[in-house]
Amino acid sequence: MLTPRFELRQEPNTIHVIIFAPYTKVLDVNITVQDNEFVFYAKPYLLRLHFPESLQEEGSLCEYIADDGAYSISIPKLIKGQYFPKLEFLNLILNKVEKTCKIPSVEILEDDTKSATKKVYLTNESLSVKCGFKTTCGYGFANKKFNVLYKEEFCHLVSIADPDLVDVKERAELREKCEEDKFDSDYYLADLYENKEIEKLLSFTPWWTSSEPVSFTQEDNVVLQKLPNRDYLLDKEEHQIVLCGLVDILFAYVYDVYTTNGEHNIESSWTIKTISPTFSWFDTSRSIQETIVACFRRSLCYPLYRNWNLSNKVKHDVAELFKRGTRHILHCLLRVWGIFNTADTSPCNILNDLYVTDYCVWLQKAPNGHENMTHVAQLLDDIALTKQDLNLDIHFIEQAAELVLQEDEEGDLNTDLDNLTI
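Computed from a predicted structure; not experimentally measured.

Novice: Give a detailed account of the sheet that holds strand 6 (residues 61–65), specifying residues and quantitative values.
Specialist: The strand order across the open sheet formed by 4 strands is 1-2-7-6, and the pairing between neighbours is antiparallel. Only two strands of the sheet have a single partner each, and these edge strands are strand 1 (5–11) and strand 6. Taking each pair of neighbouring strands and ignoring which way they run, the sheet shows an average axis angle of 15°. With 7 bridges connecting them, strand 2 (residues 14–20) and strand 7 (residues 70–76) associate as antiparallel partners. Looking across to strand 7, one finds that Thr14 is bridged to Pro76.

Novice: Describe the nonpolar core, naming the residues involved and giving the relevant values.
Specialist: Core analysis: the biggest nonpolar cluster contains 115 residues, and Phe38, Phe40, Phe51, Phe322 and Trp362 have the highest contact counts within it. Counting residues per element, this core draws most heavily on helix 8 (residues 236–259), at 14 residues. Apart from residues no more than four positions distant in its own chain, Phe322 is found in contact with Leu246, Val247, Leu250, Ile329, Met373, Thr374, Val376, Ala377 and Leu380.

Novice: Let's hear about the packing of helix 8 against helix 12 (residues 308–324): which residues, and what values?
Specialist: Following both chains from N to C, one finds helix 8 and helix 12 inclined at 120°, their axes separated by 9 Å at the closest point. The pairing of helix 8 with helix 12 is recorded here as oblique in orientation. In the crossing of helix 8 with helix 12, the sense of the turn from one axis to the other is right-handed. Together, Leu246, Val247, Leu250, Phe251, Val254, Tyr255, Tyr258 and Thr259 of helix 8 and Leu310, Ser311, Lys313, Val314, Lys315, Asp317, Val318, Leu321 and Phe322 of helix 12 make up the contact between the two elements.

So, how was this worked out
- Residues numbered from 1 in each chain as written.
- Predicted model: local features only at pLDDT ≥ 70, side-chain atom pairs only at ≥ 80, totals over all residues.
- Heavy atoms only, no water.
- Pairing = 2+ DSSP bridges.
- Helix = DSSP H or I, 4+ residues; strand = E, 2+ residues; numbered from the N terminus.
- Axes fitted to C-alpha atoms, helices over the stretch in contact; angles between N-to-C directions.
- Core = buried A, V, L, I, M, F, W, Y, C linked by side-chain atoms within 4.5 Å.
- Buried < 20%, exposed > 50% of the residue type's maximum accessible area, 1.4 Å probe, protein only.
- Contact = heavy atoms within 4.5 Å.
- Parallel < 35°, antiparallel > 145°, perpendicular 65-115°, else oblique.
- Left-handed = near helix turned anticlockwise from the far one by under 90°.

As structure tokens, this is what we get:
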């Protein structure tokens, strides 16, 4: 059976379901409402929705819109005026929860009088100081995957040769060595002094600066329908791994938005997977500070535009996205999912399977999501990164360039004086 495209909206007393099922016979449509479950059947379409609260079948109405091949169905809420949360997350409504098989130890940091709530607070100090950083060879979301890749799949996808044999500490060391070998001082100085193109990029206004609330597009809803609905039980360390990874994924996405003026192109998948340490090296940062350092280094070593001010602007906007909350971040992740899913140059859809899909699902259900996003935004704002922090000798390179320019100016002045006739 096919799952039709559908949309949801609610009013104080009613849930509206719009189902696009063209070429169906109206007389063959069967609709069932029982408690919080809604079922629509019209061969070859079957749609089963699981709402967070109860509905009532009595008083339901269905209208067929012939021009759109759609059914508009209105269903009364059992409790009038009750708000149904997260209806925009279609995968949560479409699929029953898949329980994760792993049940790690979960630290309860704050116990509310009504319910125990898991709250994990990050700092810009290294995680190894706080709770012991595991040196495993895992990768994927929260480093939970092992031995699921074949070399043929990722030899042209990521920089790490065999992630199943390289622990996360060694990955960071290898990544930093490759970045130091790749860094080109002449390229960096060219983007520093011949910066008209950079200034144009920085003047671009991205979509997240709008004061209007973000709305999921039809493309977003199609992807959301494909996502599973599962729970994630993360311990303190895994939670930090996930949040640090989310920061560098968003950094790479925001960089691509600025350098393409919001019009992603055939190079976008390469740009995003290259700038993100999570995607390119399956690397795991131990703090938000460490994450940002890695992102800056990669943004100054690999892509077309390598400029400190551009990287700083990207960092600022990543913090703004975290301040705006889950919907904005999920919209970004759905864009990344789409870019990877349609990439022609490499099998980036593997990165969707390893990371992006899980991030999209986890983000919708993460406990204390708004509080955690706000906290990460504050940590990003608190980071005052210097060029010395990157360990690429950028400050020495700039000082040497300034001396050369000063000598050239003095040489030109002396030449002018020598040529001066009195």
